[in-house]
Amino acid sequence: MRLERFRGDAMDGLMQPRPLTIAHILERAERLFAHKEIVTAGAGRSTYAEVAGNTRRLATALDSLGVLPGARVATFASNSRRHLELYLGVPATKRVLHSINIRLPAEHLEYIVNHAEDDVVFVDRGLLPRIWPSVDRLPVVRHWVVLPDGTDTPIPADPRISGYDELISAAEPFAGSFEDTFALADENLAAGLCYTSGTTGPPKGVLYSHRSTILHCLGTLAAGLIGLCESDVVLPIVPMFHANAWGLPYGAMMAGAALVLPGASAEPGHLLRLMAAERVTVAGAVPTVWTSLAPELRAHDLSATRFLLGGGSAVPPALSETYLAAIGVPITHSWGMTEVSPVGVIGGTRTQHRDATAADQVAVRAAQGQPLPLVNVRIADVETGEELPRDGRAVGELQVAGPWVAGAYFRVDSAESFTEDGWLRTGDLATIDAQGYLRLVDRMKDLIKSGGEWISSVELEAAIASHPDVVEVAVIARPDPRWMERPVACVALREGSATTADELRRHITPMVAKWWLPDEFVFMATLPKTGTGKLSKIALRESARTA
Ligand code: ADP
């Protein structure tokens, strides 16, 4: 009230009201970093100059297909140079890039394409068999464009299909400035669309704006966070359909860093060879991928590596420490979600931890970290919604606010996902300490309620993962007549390991409360993964239920 009264005396600044747009990333890279390289595994080397040239042709090619401003242009593709051209050309021409998770079951895939009303789908040739069988249930799609990917997968004879390279070479390049076509108000235009996996109910669309994308990009670029710079060689292992590959492609281009795109293979040897051969400095991936690379780290020259980003689910502390010991770089923990563009919080030690003991530093690195500039986080009582103290002990629902945090979902009623004052309710449970360090306790739906007390599946998993023979672990709840729920640990052991349930129980006994000890250890060859490569607790619960 008081502030409003004083508004009359306040002054407007006199700076230029230039819009924040993805067109700027494209034109900056074209002007300043034309010679910098983009390498796509198996598909050769290219430069920003070539990417920008193709993007200018893509712009007019989309016009010739009759794709209107605001129309959704979908990609169904792995990380490649051509996918990058779509990342630039679609939003720079005021269309909306909808990157689709290539591992979705057909039912979800069909739901989101129809929900988004995708006008065109750009699909990797090798991925045609995953999406083309749905074509009759995707009446909204007018055009299909096939991206060459080194495979010779048969292309159906259908008039709706064209080839990307043919389309590009037939198009005249747009010669003007994309950036100059944007007015100030346009910075709020939609630029990208990603659907969350929809673990409860159908998938929900998060609609990024140009402004949110640019601010997120600058946020992650900041020194002391990821701090991407011109001398970096950036490898987004995280797929370009998983929340914009965490902003790494846009960030790399903004900074003028070289980009290495891994193509379709996530095979550990392939990724490690790529890191060594291209002297990769920065890479990002979910913990299951970092786990798969861990046994081979010392067999490759990873001396160029300076920063490894891990998120999407909790990075087990033992995993990060394995990297630190083997290559001198830990995995920096980051918390995010599709709704947060996705990076909201980033970990690692700060100056105040310099003199901390080694054990304390491990504990700090295990935390998800502090919020990025412009991001606000708080925790709230799950029952009352009241804000809880930042004392490192109180556990509450994590809520987030900021200029790159979703304010609503696309075309669905999303009221229950937001508080009355507009903060996003994340569905995660966390503590926040006096220095703003956030520790994720669990997803609300994964927390185990035993005898009226809570057991954090994340903490239990970290304890079990610290056993040297454990490769993967996920703890799920099993209904129990006496305690309501009890923990069951699903574990994949290193090949040839003879470790028993008793041995694992003994190993974690000093680390957790006695009543947290899992009732059962279920040994499996590998654990099921979700479409984004995280361990799938839904699949595990399902198999436990039907076993
Ligand atoms: P999905 O729900 O399909 O996994 P997202 O990739 O958007 O979609 O996942 C966001 C969720 O992932 C968060 O709400 C949180 O539960 C989990 N998550 C993300 N980063 C971390 C992290 N560093 N530690 C623990 N959990 C994380």
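About the criteria used
- Residues numbered from 1 in each chain as written.
- Predicted model: local features only at pLDDT ≥ 70, side-chain atom pairs only at ≥ 80, totals over all residues.
- Heavy atoms only, no water.
- Near = heavy atom within 4 Å.
- Polar contact = N/O pair within 3.5 Å; in protein donor to acceptor, adjacent residues only side chain to side chain.
- Areas by Shrake-Rupley, 256 points an atom, 1.4 Å probe, with all protein chains shown as cover.
- Helix = DSSP H or I, 4+ residues; strand = E, 2+ residues; numbered from the N terminus.
- Disulfide = S-S within 2.5 Å.
- Buried < 20%, exposed > 50% of the residue type's maximum accessible area, 1.4 Å probe, protein only.
- Phe/Tyr/Trp six-rings, centres within 6.5 Å; stacked < 30°, edge-to-face > 60°.
- Lys NZ or Arg CZ within 6 Å of the ring centre and 35° of its normal.
- Pairing = 2+ DSSP bridges.
- Right-handed = clockwise from strand over helix to strand, strands pointing away.
- Axes fitted to C-alpha atoms, helices over the stretch in contact; angles between N-to-C directions.
- Parallel < 35°, antiparallel > 145°, perpendicular 65-115°, else oblique.
- Left-handed = near helix turned anticlockwise from the far one by under 90°.
- Contact = heavy atoms within 4.5 Å.
- Salt bridge = Lys/Arg side-chain N within 4 Å of Asp/Glu carboxyl O.
- Expected span 1.5 Å × (residues − 1).

Engineer: Could you clarify how one ought to interpret the site of the ligand in this entry?
Structural biologist: Around the ligand, 16 residues are found, and the nearest of them are Ser197, Ser334, Thr338, Asp428 and Lys534. His333 has a polar side-chain atom sitting 3.1 Å from a nitrogen atom of the ligand. At a separation of 2.7 Å, an oxygen atom of the ligand approaches a polar backbone atom of Thr338. Its free accessible area being 570 Å², the ligand has 91% of it covered by the protein chains. Elements represented by at least two residues in the shell around the ligand include exactly strand 14 (331–336) and strand 20 (438–443). Counting residues per element, the shell around the ligand draws most heavily on strand 14, at four residues.

Engineer: Where do I start with the state of the cysteines in this structure?
Structural biologist: When the sulfur atoms of two cysteines share a covalent bond, that bond is a disulfide. Taken as a whole and judged by the stated rule, the model has zero disulfides. Here Cys194 is not cross-linked by a disulfide; its sulfur's nearest cysteine counterpart is in Cys217, at 15 Å. Residue Cys194 is classed as buried on the basis of its relative accessible area of 1%. In this model Cys229 remains outside any disulfide bridge; the closest cysteine sulfur is found in Cys217, 14 Å from its own. The class for Cys229 is partly exposed, based on a relative accessible area of 31%.

Engineer: For this particular structure, what's the right way to read the packing of aromatic side chains?
Structural biologist: Two aromatic rings, taken as a pair, are described by how far apart their centres are and by the angle between their planes. The full count for this structure, using the stated rule, is seven aromatic pairs. Arranged with centres 4.6 Å apart and planes meeting at 40 degrees, the rings of Phe174 and Phe178 form a pair that is tilted. Note on Phe174: relative accessible area 27%, which makes it partly exposed. An angle of 55 degrees between the planes, with centres 6.1 Å apart, marks the rings of Tyr409 and Phe418 as tilted. For Tyr409, a relative accessible area of 8% puts it in the buried group. Sitting above the plane of the Trp423 ring, Arg378 keeps its charged end 3.9 Å from the centroid.

Engineer: Even after reading the chapter, I still don't get the sheet that holds strand 1 (residues 37–40), so can you show me in this structure?
Structural biologist: In a beta sheet, neighbouring strands pair by backbone hydrogen bonds and run either parallel or antiparallel. Judged by pairing direction, the sheet is mixed, and its nine strands sit side by side in the order 2-1-11-10-12-13-14-15-16 without closing on themselves. Each end of this open sheet is capped by a strand with a single partner; those strands are strand 2 (44–47) and strand 16 (370–371). The pairing of strand 12 (residues 282–285) with strand 13 (residues 307–311) spans four bridges and is parallel. Bridge pairing links Gly284 to Leu309 in strand 13.

Engineer: Mind showing me how you'd approach the pairing of strand 4 (residues 96–99) here?
Structural biologist: Consecutive side chains along a regular strand alternate between the two faces of the sheet. Residues Val96 and His98 of strand 4 are buried on one face, and the alternating residues Leu97 and Ser99, pointing to the opposite face, are buried as well. Relative to strand 4, strand 3 (residues 72–76) runs parallel, the two sharing four bridges. By the bridge assignment, Thr75 is partnered in strand 4 with Ser99. Between the parallel elements strand 3 and strand 4, the chain passes through helix 4 (residues 81–92) in a crossover that is right-handed.

Engineer: What am I meant to see in the packing of helix 3 (residues 48–64) against helix 4 here?
Structural biologist: When two helices pack together, their arrangement is given by the angle between the helix axes and by the axis-to-axis distance. It is the contact of helix 3 with helix 4, at a shortest axis distance of 9 Å, that shows an interaxial angle of 60 degrees. Our classification of the angle between helix 3 and helix 4 gives oblique. Of the two possible hands of crossing, helix 3 and helix 4 adopt the one that is right-handed. Across from Glu50, Val51, Asn54, Thr55, Leu58 and Leu62 in helix 3, the residues of helix 4 making contact are Arg81, Leu84, Glu85, Leu86, Leu88, Gly89 and Val90.

Engineer: What exactly am I supposed to notice about the sheet that holds strand 8 (residues 190–195) here?
Structural biologist: One open sheet holds the seven strands; their spatial order is 7-6-5-3-4-8-9, and the pairing between them is mixed. At either end of the open sheet lies a strand with only one pairing partner, and these are strand 7 (161–163) and strand 9 (205–209). Looking at each pair of strands side by side, their axes are set apart by 25 degrees on average, direction ignored. Pairing between strand 3 and strand 5 (residues 118–124): five bridges, direction parallel. From the neighbouring strand, Ala74 faces strand 5, where its bridge partner is Val121. Along the sheet, helix 4 makes contact with strand 3, strand 4, strand 5, strand 6 (143–147) and strand 8, crossing strand 4 at roughly 145 degrees.

Engineer: What's the story with the pattern of salt bridges in this structure? I'm lost.
Structural biologist: It is possible for side chains of opposite charge to pair when their charged atoms get near one another. For the structure shown, the criterion picks out 29 salt bridges. The closest approach of N and O atoms between Arg45 and Glu37, which form a salt bridge, is 3.0 Å. Note on Arg45: relative accessible area 48%, which makes it partly exposed. Note that Lys537 is salt-bridged to Glu461, the shortest N-O span being 2.6 Å. Of the two residues, Lys537 sits in helix 16 (residues 537–546) while Glu461 sits in helix 14 (residues 457–465), which places them 76 residues apart along the sequence. This pair shows no difference in class: Lys537 is buried, exactly as Glu461 is. Put simply, Glu27, Glu30 and Arg56 are held in one network by salt bridges that share partners.

Engineer: Looking at this structure, how should I read helix 4?
Structural biologist: The α-helix winds at 3.6 residues per turn, so residues separated by three or four positions along the chain end up facing the same way. Taking 1.5 Å per residue as the helical rise, helix 4 with its 12 residues ought to reach 16 Å, and the 17 Å between its terminal C-alpha atoms agrees with that figure. Most of helix 4 sits inside the fold, with 12 of its 12 residues counted as buried. Regarding helix 4, the residues found buried are Arg81, Arg82, His83, Leu84, Glu85, Leu86, Tyr87, Leu88, Gly89, Val90, Pro91 and Ala92. Immediately beyond the C-terminal end of helix 4, within one or two residues, lies Lys94, with a positive phi of roughly 70 degrees.

Engineer: Can you help me understand the pairing of strand 6 in this one?
Structural biologist: Among the five residues in strand 6, five count as buried, and that is most of the element. Here strand 5 pairs with strand 6 via five bridges, running parallel. Each bridged residue has a counterpart across the sheet, and for Val121 the counterpart in strand 6 is Trp144. Where strand 6 and strand 7 come together, three bridges link them in parallel fashion. Paired with Trp144 across the bridge in strand 7 is Ile161.

From the geometry alone we can't say anything about function, so treat these as descriptive.
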